Amino acid sequence: MDGILGVVDTAVTSPWFYLVLFAVAAIDGFFPVVPSESLVITAGVYAASGEPRLGWVVVLAALGAFTGDHVSFLVGRRAGGRLVRAARPGSRRAAAFGWARRTMAERGGLILVVARYVPGGRTAVTVTMGAVGYRLRSFSLFAVVAAVSWAVYGALLGYVGGVAFEHDPVKGVAVGLGLALSVTAVVEAVRFVRHRRARGAADAAGAKDGVREPDPVGPLSGG
């Protein structure tokens, strides 16, 4: 265990760690199997001891997240845009894209910020926003808010764990990850309840009018 901790300590306190942190946060924006939250939290834990610097952890993580979200958005703009244009008018897919476009136009910024805290969900949202033609300028504005808040949140969770367990970084990381998982669980629970209520209201209105809102399909599903 001491040997592993020594390797981790050397890696996290290396000047190259900042570049790795940026790269992992960026890749996670469009390839959501990279554990960027874990890395940010771990960096926050070690920042409590002085290295790496907490401020630089936040800056590099936020820049990486911002970059990755834009890669995902542009992928959606290219690939998803073709799907939108190819959808037959009146088809289920066309109706789903129409629903997504209306939803993003009404509250896309809020959805983007909340989705940043949901691994996998953030990619589905950014791809969808690109596919339905969400304005790049507006997307960038909300992406800044999402990336900075996410980076501060992850780094501070780790920092709290690092301060609490200054001489036991493993426990510090465990505390940070535990807090992050708890927050994610709460966000997912609230999102699930809101979705069920919104779906129930839409179904009730659709039954009354003889029309039912379509469920998202293709790039609109997930998250």
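Residues numbered from 1 in each chain as written. Predicted model: local features only at pLDDT ≥ 70, side-chain atom pairs only at ≥ 80, totals over all residues. Heavy atoms only, no water.

**Here we look at helix H2 (residues 17-30)**
Move 1: Helix length check: H2, at 14 residues, gives a terminal C-alpha distance of 21 Å against a target of 20 Å (1.5 Å per residue), a fit within 8%.
Move 2: Listing the buried residues of H2 in full gives Phe17, Tyr18, Leu21, Val24, Ala25, Ala26, Asp28 and Gly29. (Helix = DSSP H or I, 4+ residues; strand = E, 2+ residues; numbered from the N terminus. Expected span 1.5 Å × (residues − 1). Buried < 20%, exposed > 50% of the residue type's maximum accessible area, 1.4 Å probe, protein only.)

**Side note on the nonpolar core**
Move 1: In terms of nonpolar packing, the biggest core is built from 24 residues, with Phe17, Leu21, Val40, Val57, Ala61, Trp150 and Ala151 touching the most fellow members.
Move 2: Within the residue set of this core, elements represented by two or more residues are H2, helix H3 (36-47), helix H4 (54-86) and helix H7 (136-164).
Move 3: Among all residues touching alanine 61, those that are not within four sequence positions of it are Leu21, Ala25, Val40, Trp150 and Ala151.
Move 4: Counting residues in each nonpolar core, the second largest holds 11 residues, with Ala115, Val125, Met129 and Tyr134 among its members. (Core = buried A, V, L, I, M, F, W, Y, C linked by side-chain atoms within 4.5 Å. Contact = heavy atoms within 4.5 Å.)

**Describing helix H6 (residues 121-131)**
Along an α-helix, residues three or four apart share an orientation, since each turn contains 3.6 residues.
Move 1: Burial runs high along H6: 11 of the 11 residues are buried.
Move 2: Here H6 has its buried residues at Gly121, Arg122, Thr123, Ala124, Val125, Thr126, Val127, Thr128, Met129, Gly130 and Ala131.
Move 3: Glycine 133 lies just past H6 and shows a positive phi near 80°.

**Some points on the side chain of threonine 126**
Move 1: Following the sequence through the fold, threonine 126 ends up in helix H6.
Move 2: Judged by relative accessible area, threonine 126 falls into the buried class, the value being 1%.
Move 3: Among all residues touching threonine 126, those that are not within four sequence positions of it are Gly29, Asp69, Ser72, Phe73, Leu112 and Phe139.

**Examining the confidence of the model for the protein chain**
Move 1: On average, residues of the protein chain carry a pLDDT of 77, and 64% of them reach 70 or more.
Move 2: Ranking the elements of the protein chain by mean pLDDT puts helix H1 (residues 2-12) last with 57 and H2 first with 92.
Move 3: Here residues 1-5 is modelled with pLDDT under 50, and outside its nearest four sequence neighbours on either side it reaches three contacts, counting other chains as well.
Move 4: Within the model, pLDDT remains below 50 along residues 216-223, and this stretch shows 23 contacts once partners closer than five positions in the same chain are excluded. (pLDDT = per-residue confidence, 0-100.)

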